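Descriptive structure summary
If you want the building blocks of each chain, they are given just below.
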Protein chains: 2
Amino acid sequence: MSDNKAKTLKPTSDAVEILHRRLYEGKPARLKNLEEARANEEIARKIQELRAAAALTQTQLAKLIGTTASVICRLEDADYEGHSLAMLRRIAGALNQRVEIRFVPIRRSA
Amino acid sequence: MSDNKAKTLKPTSDAVEILHRRLYEGKPARLKNLEEARANEEIARKIQELRAAAALTQTQLAKLIGTTASVICRLEDADYEGHSLAMLRRIAGALNQRVEIRFVPIRRSA
DNA sequence: CAGTCTATTCGCAATATTGCGAAAACGCAA
DNA sequence: TTGCGTTTTCGCAATATTGCGAATAGACTG
């Protein structure tokens, strides 16, 4: 539903992890991108979960926040990188939630 | 430092709260704006705190994330409403933090 | 199969945020 | 007071995000 692409059919062993090591080991720049991608994925999934929990279609949620279904769909796309606080707050508001933002220290280690 | 305006000199009693009641009681729309304003204020203050904790000037932090001091100043302005995830992440990254986002249920009561 | 509802993708206009330099204001110490 | 570093404000160009319709795809039912 979310992850619109990357439908890799279950890899033989843990090739994914091997690939991960090969590509990202000791490369902070790439790692950072990876982290961001994961964060975006998480946001997308969370929006979709909240909407589902409220038993709303994309169209219904869209109307609640004054936009269209295609916009909601874009937000729920795991590959979407344009999430904004403003939009997250609109979604949250319509679903009786609020957006909490925290800065948490990161452990820089291996 | 942060709150660039609204330097009301300590009110007589709790006039602030009285004013609050008069203006916002039972008015969700206004309340929502108020909440957003508070959230923005909090973000601004947090950025300023993180920067101070790292012992950086606005110019120094600006260079770390590839922008200028005026941009940092704008972010630390309590009245600024344009905070974006992208920018918060850049700040966090430069300060060895990560941005955590959570949707938390809101209590709709008096 | 057709019909219906939902979700997804695309393109472009509209709005919002960022980039950035310059000038002014501030705080502090000599 | 002057000088110096920092912060704040302003204006506008550049980039990013949103708005939105239309077309397509998927899932499900009769």
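Residues numbered from 1 in each chain as written. Chains lettered and ligands numbered in written order. Predicted model: local features only at pLDDT ≥ 70, side-chain atom pairs only at ≥ 80, totals over all residues. Heavy atoms only, no water.

Related by rotation about an axis and a shift along that axis, the two copies of the chain form a pair. When chain B is fitted to chain A, the residual RMSD is 0.0 Å, and the transformation amounts to a turn of 180° plus an axial shift of 0.0 Å. Expressed as an axis order, the relation between the two copies is that of a two-fold axis. Take the interface residues of chain B: 100% of them recur as interface residues in chain A, which is what a same-surface contact looks like. (Least-squares fit on C-alpha atoms with pLDDT ≥ 70 in both. Contact = heavy atoms within 4.5 Å.)

Residue and element names in this part refer to chain A. Where like charges cluster on the molecular surface, the negative patch consists of Glu35, Glu36, Glu41, Glu42, Asp79 and Glu81. Looking at the element boundaries, Glu36 is found in helix H2 (residues 28-53). Exposure remark for Glu36: the relative accessible area of 31% places this residue in the partly exposed category. (Patch = residues over 30% accessible without salt bridge, like charges linked within 9 Å, V, L, I, M, F, W, Y side chains within 5 Å. Areas by Shrake-Rupley, 256 points an atom, 1.4 Å probe, with all protein chains shown as cover. Salt bridge = Lys/Arg side-chain N within 4 Å of Asp/Glu carboxyl O. Lys, Arg positive; Asp, Glu negative; His and termini not counted. Charge placed at Lys NZ, Arg CZ, Asp CG, Glu CD. Helix = DSSP H or I, 4+ residues; strand = E, 2+ residues; numbered from the N terminus. Buried < 20%, exposed > 50% of the residue type's maximum accessible area, 1.4 Å probe, protein only.)

A word on the interface of chain B and chain A. Taken together, the contact between chain B and chain A spans 24 residues of the former and 24 residues of the latter. Carbon and sulfur atoms make up 58% of the area that chain B and chain A hide from each other, which totals about 2,700 Å². Across the contact surface, chain B and chain A share 2 salt bridges. Put simply, Arg102 of chain A and Glu100 of chain B hold a salt bridge, and the shortest N to O gap is 2.7 Å. Linking chain B with chain A are 8 residue pairs in polar contact (both at pLDDT 80 or more). Listed by contribution, the elements that provide at least two residues to the side of chain B that touches chain A are helix H2 (28-53), helix H5 (85-94) and strand E1 (97-105) of chain B. If you tally residues by element for the side of chain B that touches chain A, the top one is E1 of chain B, at 9 residues. Considered class by class, the residues forming the side of chain B that touches chain A number 13 nonpolar, 4 polar and 7 charged. (Buried area = accessible area lost by both parts, 1.4 Å probe. Polar contact = N/O pair within 3.5 Å; in protein donor to acceptor, adjacent residues only side chain to side chain. Nonpolar A, V, L, I, M, F, W, Y, C, P; charged D, E, K, R; others polar.)

Of note, Gln97 of chain A is situated in strand E1 (residues 97-105). Residue classification places Gln97 of chain A among the buried residues on the basis of a relative accessible area of 15%. Put simply, Gln97 of chain A and Arg74 of chain A are 23 residues apart on the chain and 20 Å apart in space, counted from C-alpha to C-alpha. The contact partners of Gln97 of chain A, leaving out residues within four places of it in the chain, are Leu50 and Ala92 of chain A together with Phe103, Val104, Pro105 and Ile106 of chain B.

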